[in-house]
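Given next are the chains, with one letter for each unit.
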Amino acid sequence: MAPSKSPDVTAIRGDLLYCTEDPAVAGPGRALEHVPDGLVVSQGGVITALGPAADLLATLPPGSPVAHYPGCLVAPGFVDAHVHYAQTEMIGTFGAQLLEWLNKTTFPAEQAFAERAHADAVARVFVEELLRNGTTSALVFCATYPASVDALFEAAQAENLRLIAGKTWMDRNAPAPLLDTAQKAYDDSKALIARWHGKGRALYAITPRFAPTSSPEQLEAAGALRREHPDTWLHTHVSENPQEVAWVQELFPERAGYLDVYDHYGLLGRRAVLAHGIYLKEKELTRCHETGTALAHCPTSNLFLGSGLFDVAVARDRRRPVKLGLGTDVGAGTSFSLLRTLDEACKVAQLRGRPLHPVLGFYLATLGGARALALDDRVGTLRVGHEADFVVLDPAATPLLALRAARAQSIVDVLFALITLGDDRAVRATWVAGRLAHERAT
Ligand code: GUN
Ligand code: ZN
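Cut-offs and rules
- Here the residue numbers are simple positions, counted from 1 along each chain's written sequence.
- Following the order in which they are written, the chains are lettered starting with A and the ligands numbered starting with 1.
- Thresholds applied to this predicted model are a pLDDT of at least 70 for local features of residues and 80 or more for the giving and counting of side-chain atom pairs; totals over whole chains, interfaces and linings are not thresholded and use all residues.
- For side-chain calculations, the full set of non-hydrogen atoms in the structure is used, while hydrogens and water are omitted.
- What is meant by a nonpolar core is a set of buried Ala, Val, Leu, Ile, Met, Phe, Trp, Tyr and Cys residues, joined one to another through side-chain atoms within 4.5 Å.
- Classification of residues uses two cut-offs on accessible area relative to the type maximum, computed with a 1.4 Å probe and protein chains only: under 20% is buried, over 50% is exposed, and between them is partly exposed.
- Where helices and strands are cited, they refer to DSSP runs of H or I of at least four residues and of E of at least two residues respectively, numbered from the N terminus.
- Whether two residues are in contact is decided by their heavy atoms: any pair within 4.5 Å suffices.
- Donor atoms are limited to N, O and S found within 2.8 Å of the metal ion, a distance that becomes 3.2 Å for Na, K and Ca. With water left out, some sites might look partial.
- Paired strands, in this sense, are two strands between which DSSP finds at least two bridges.
- All axes here are fitted lines through C-alpha atoms, helices being fitted over the stretch that makes contact, and every angle between N-to-C directions spans 0 to 180 degrees.
- Any residue with a heavy atom positioned within 4 Å of a molecule or strand is treated as near that molecule or strand.
- By the criterion applied in these results, polar contacts are pairs of N or O atoms within 3.5 Å in which, for protein atoms, one can donate a hydrogen and the other can accept it, and in which residues neighboring in sequence qualify only through two side-chain atoms.
- In these tables, accessible area is a Shrake-Rupley quantity obtained with a 1.4 Å probe, and a residue counts as shielded only by the protein chains included in the view.
- Points on a 1 Å grid over protein atoms alone make up a cavity when a 1.4 Å probe fits among them but cannot get out, and a pocket when they form an open set with protein on both sides within 12 Å along at least five of seven lines; lining residues each have an atom within 4 Å of a point.
- A pocket or cavity is taken to hold a molecule when more than half of that molecule's atoms are within 2 Å of the pocket's grid points.
- Just so you know how the angles are binned, under 35 degrees is roughly parallel, over 145 roughly antiparallel, 65 to 115 roughly perpendicular, and the rest oblique.
- It is the rotation of the near helix from the far one that decides the hand of a crossing: anticlockwise by less than a right angle makes it left-handed, clockwise makes it right-handed.
- Grid points are joined across faces, edges and corners, and a volume is the space filled by probe spheres set on the points.
- The nonpolar class holds Ala, Val, Leu, Ile, Met, Phe, Trp, Tyr, Cys and Pro. Asp, Glu, Lys and Arg form the charged class, and all remaining residues, Gly among them, are polar.

*Asks:* Please set out the nonpolar core residue by residue, giving values where relevant.
*Replies:* Generally speaking, soluble globular proteins have nonpolar side chains that are buried together. Ranked by size, the top nonpolar core spans 111 residues in total, and within it Tyr85, Phe126, Val140, Leu152, Leu163 and Leu295 carry the most contacts. A total of seven residues in this core trace back to one element, the largest contributor, which is helix 5 (residues 116-132). Apart from the residues within four sequence positions on either side, leucine 152 is in contact with Tyr85, Ala123, Phe126, Val127, Val140, Cys142, Leu163 and Ala165. The next biggest cluster of nonpolar side chains, apart from the first, holds 17 residues, and it includes Val40, Tyr69, Leu382 and Val392.

*Asks:* Requested: an account of the coordination of the zinc ion (ligand 2), with residues and values cited.
*Replies:* Protein coordination at the zinc ion (ligand 2) comes from His82 (NE2), His84 (NE2), His237 (NE2) and Asp329 (OD), with a distance range of 2.0 to 2.2 Å. One chain supplies every donor for the zinc ion (ligand 2), spaced along it as H-x1-H-x152-H-x91-D. Within this pair, whereas histidine 82 is found in strand 5 (residues 78-84), its partner aspartate 329 is found in the loop between strand 13 (323-326) and helix 14 (338-351), the two being separated by 247 residues in sequence. Considered together, histidine 82 and aspartate 329 belong to a single accessibility category, that of buried residues.

*Asks:* Give me the sheet that holds strand 14 (residues 390-393): which residues, what numbers.
*Replies:* Taken in spatial order, the seven strands line up as 3-2-1-4-14-15-16 in an open sheet, and their pairing is mixed. A strand with exactly one partner marks an edge of an open sheet, and here the two such strands are strand 3 (46-52) and strand 16 (435-439). Between one strand and the next, the sheet's axes are offset by a mean angle of 35 degrees, whatever the strand orientation. Judged from the five bridges that link them, strand 1 (residues 9-19) and strand 4 (residues 66-76) form a sheet pairing that is parallel. What sits directly across from aspartate 15, in strand 4, is leucine 73. Each of strand 15 (427-432) and strand 16 touches helix 5; the most contacted strand, strand 15, lies at about 115 degrees to it.

*Asks:* Could you give an account of the site of ligand 1, naming the residues involved and the relevant values?
*Replies:* With respect to spatial proximity, 13 residues lie near ligand 1, and among them His84, Gln87, Arg209, Glu240 and Asp329 are the closest. For ligand 1, an oxygen atom lies 2.7 Å from a polar atom in the side chain of arginine 209. Within the contact set of ligand 1, a nitrogen atom lies 2.7 Å away from a side-chain nitrogen or oxygen of glutamate 240. Within the complex, 100% of the 280 Å² of free accessible area of ligand 1 lies under protein. Using a 2 Å cut-off from the grid points, one finds that ligand 1 occupies the largest cavity. By residue number, the principal contributor to the shell around ligand 1 is helix 4 (residues 98-111), which donates three residues.

*Asks:* Explain the packing of helix 17 (residues 399-406) against helix 18 (residues 411-421) residue by residue, including any values.
*Replies:* Where helix 17 contacts helix 18, the two axes come as close as 10 Å, and the packing angle between them is 160 degrees. Taken as axis vectors, helix 17 and helix 18 run roughly antiparallel relative to one another. The handedness of the crossing between helix 17 and helix 18 comes out as right-handed. Where helix 17 approaches helix 18, its residues Leu400, Leu401 and Arg404 are matched on the opposing element by Asp413, Ala417, Leu418 and Leu421.

*Asks:* Requested: an account of empty space enclosed by the protein, with residues and values cited.
*Replies:* Tallied over the entire structure, the rule returns one cavity of 30 Å³ or more. Of the voids in this model, the largest cavity is the one considered here, and its volume is about 100 Å³. As for the largest cavity, its lining consists of 13 residues, of which Leu98, Trp101, Leu102, His237 and Glu240 are closest to the centre. For the lining of the largest cavity, the element with the most residues is helix 4, which contributes three residues. Considered class by class, the residues forming the lining of the largest cavity number six nonpolar, four polar and three charged.

All quantities given are derived from atomic positions and should not be read as evidence of function.
Spelled out as structure tokens, the structure:
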């Protein structure tokens with residue numbers, strides 16, 4: 001039966017696949033749940049039941065539509081822990097490393113967001129790209145202009161997407177049209193929090209771009225705003241590139257290191273998410289652990305900009321594990337797909353000498369990402385009471401995937417083939433709050 005666009009009760013049938021635990025803690029075998037021919041039922045956008053289809057089909061109200069995806073995996077929607085919507089159209093622009101890339105490519109592209117019509121158009125494409133790639137939750141940088149935030153949240157609300165986003169703060173070291181001041185960034189963000197935080201599925205992140213583009217006064221103002229709104233998120237970048245790290249030390253000579261700048265201004269803690277962290281030192285990782293600060297690993301971006309090789313194993317060291325999610329970091333990142341992102345994460349881990357187990361990768365793209373974003377009480381796994389956000393993955397989406405899937409030895413093998421070969425073509429459908437939001441053209 002064709003799935004209805006907005007029924008109250010929805011049932012999705014396929015092979016359920018989800019993590020219930022951190023595989024490094026529970027072991028990959030125990031962390032991953034696989035229910036062949038399962039059913040997940042939702043009502044009002046929330047999961048009400050899940051289990052074997054043979055048990056649950058008979059419990060559905062008469063006439064309930066069932067979206068049946070034989071041979072496909074029904075998984076929690078992917079979580080993108082760091083992405084820039086205002087960089088959507090500049091993805092894949094040839095250039096140099098971080099600081100030059102920002103000046104030559106990024107800042108000019110973000111200036112176009114002063115125009116609301118441009119922001120609206122790109123926001124719609126961005127939301128569409130998330131859905132085409134099975135991403136149902138994301139932590140998003142907007143441009144400096146408050147209206148660019150309105151554009152994104154309006155586009156996201158049209159699809160009922162769970163987004164955390166905020167206006168970028170910058171009061172130095174960027175072109176004048178992109179700059180605000182400590183006071184203006186504070187005032188604009190406070191107004192945006194009042195307008196958007198907790199409205200539908202929208203959540204707000206206070207978003208200083210990174211230490212070099214904020215004066216001490218602006219970071220102070222960001223800390224003050226965070227104290228006034230402790231239930232908001234804090235989103236920034238840290239220790240991505242060696243020149244950047246050296247520059248921060250020059251700009252803040254009185255601070256012990258890059259992380260200490262954010263620590264000093266009260267910007268770390270639960271719901272603080274820092275992108276990259278490739279060059280964080282042991283003490284800094286310990287401080288992330290102590291404060292509950294999360295990192296977003298963005299391998300396609302790190303390779304594209306030649307930033308370096310993040311070490312997942314070091315970050316997650318069992319003695320002081322740092323919460324970790326995966327970010328696409330478009331437009332330094334080269335794909336909206338968490339599958340492509342995972343593939344690159346696996347390769348980076350190989351170069352670091354410690355392979356990334358596919359179950360751990362899948363965890364980072366779902367429940368681990370939700371934990372990093374402190375959203376795990378509502379998304380990231382399949383559980384009664386959680387929000388009904390799903391990605392339906394087709395292990396035989398392309399001729400090569402089909403060939404590979406036919407000889408797969410186990411569900412973990414299927415998963416690894418999807419990570420290695422999959423992209424938006426492997427996303428058969430995306431469901432958001434119990435509603436079909438994207439279906440791949442067949
Ligand atoms: N550091 C500061 N701004 C940015 C950005 O837009 N992209 C990346 N990758 N790093 C940054
Ligand atoms: Zn970024």
